Amino acid sequence: MSFRIRGPNASSGMGMADHSKNTFMELKKKKAHRYVIFKIDEKKNEVVVEKTGGPAENYDDFAESLPEDDCRYAVYDFDFVTSENCQKSKIFFIAWSPAISRIRAKMLYATSKDSVKRALDGVHYEIQATDPTEMDLEVIRDRAH
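Definitions and limits used
- Residues numbered from 1 in each chain as written.
- Predicted model: local features only at pLDDT ≥ 70, side-chain atom pairs only at ≥ 80, totals over all residues.
- Heavy atoms only, no water.
- Phe/Tyr/Trp six-rings, centres within 6.5 Å; stacked < 30°, edge-to-face > 60°.
- Helix = DSSP H or I, 4+ residues; strand = E, 2+ residues; numbered from the N terminus.
- Buried < 20%, exposed > 50% of the residue type's maximum accessible area, 1.4 Å probe, protein only.
- Pairing = 2+ DSSP bridges.
- Core = buried A, V, L, I, M, F, W, Y, C linked by side-chain atoms within 4.5 Å.
- Contact = heavy atoms within 4.5 Å.
- Salt bridge = Lys/Arg side-chain N within 4 Å of Asp/Glu carboxyl O.

- The name an unreviewed UniProt entry assigns to the protein chain is Actin-depolymerizing factor, from the organism Sesamum angolense.

Right, here's the structure in full:
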């Protein structure tokens, strides 16, 4: 099932492409990806997968994959060990909206964020970042614990 919003209602947000939802489920259930970066395809009026990172990739690989000057949505599967020595995993939803990105892009991503997040069932934490320091690995660690 695909939720596509067309025509005059487009300002209320873009829907997720089926492939995007399926890729997220591969990250969540099969651990097939460390991260998934999504972008809005304005021609298709939907959110599509731009890039995936393999399970062996790390947080630096993920952060370097985000564009410096354009908005994106991303999910990152963060693995960590608790103080009780238990292996855990938390999925982060990151709304990346750098200060230098176009105003139109910021508005489009902001109006679509809630519908995208609803489509990604199983996200544990959300981070809104306009600068790399707002989504630094230490920020992720602090939120996960």
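Continuing now.
1. Details of the packing of aromatic side chains
- Within the structure shown, the criterion is met by 9 aromatic pairs.
- For the ring pair Phe78 and Phe80, a centre distance of 5.6 Å and an interplane angle of 15 degrees mean the geometry is stacked.
- When the centroid spacing of 6.3 Å and the interplanar angle of 80 degrees are considered together, the rings of Phe78 and Phe92 count as edge-to-face. Taken together, the residues span a long stretch of sequence, with Phe78 in strand 4 (residues 72–81) and Phe92 in strand 5 (residues 87–96) at a distance of 14 residues. The exposure classification of Phe78 matches that of Phe92, with both residues buried.
- Ring-pair connections join several aromatic residues into one group, and the members of that group are Tyr35, Tyr59, Phe62 and Tyr76.

2. Some thoughts on the sheet that holds strand 4
- A sheet is described by the order of its strands in space; here 6 strands give the open sequence 1-3-2-4-5-6, paired in mixed fashion. What marks the edges here is a single partner per strand, and that holds for strand 1 (15–16) and strand 6 (125–129).
- Of the strand pairs in this sheet, strand 2 (residues 35–41) and strand 3 (residues 46–53) are connected by 7 bridges, and their pairing is antiparallel. Residue pairing for strand 3: Val36 is matched across the bridge by Thr52.

3. Some remarks on the environment of Ser83
- Looking at where Ser83 falls in the secondary structure, it is placed in the loop between strand 4 and strand 5.
- A relative accessible area of 74% places Ser83 in the exposed class.
- For the pair Ser83 and Asn58, spaced 25 residues apart in sequence, the C-alpha separation works out to 21 Å.

4. Re the nonpolar core
- By size, the foremost hydrophobic cluster in this structure holds 20 residues, and its most contacted members are Phe24, Phe38, Val47, Tyr73, Val75, Phe93 and Leu120.
- Contributing elements (two or more residues each) for this core: helix 1 (18–30), strand 2, strand 4, strand 5 and helix 3 (103–119).
- At 4 residues, helix 3 tops the list of elements feeding residues into this core.
- Beyond its immediate chain neighbours, meaning those up to four positions away, Val75 contacts Phe24, Leu27, Arg34, Tyr35, Val36, Phe38, Ile91, Phe92, Phe93, Leu120 and Val123.

5. Considerations on the pattern of salt bridges
- For the structure on display, the rule yields 8 salt bridges.
- Across the pair Glu50 and Arg72 runs a salt bridge, and its minimum N-O distance is 2.8 Å. Note that Glu50 is positioned in strand 3 and Arg72 in strand 4, a separation of 22 residues in sequence.
- The partly exposed category is assigned to Glu50, whose relative accessible area is 34%.
- For Arg72, a relative accessible area of 8% gives the class buried.
- Salt bridges sharing common partners tie together Glu50, Asp70 and Arg72.

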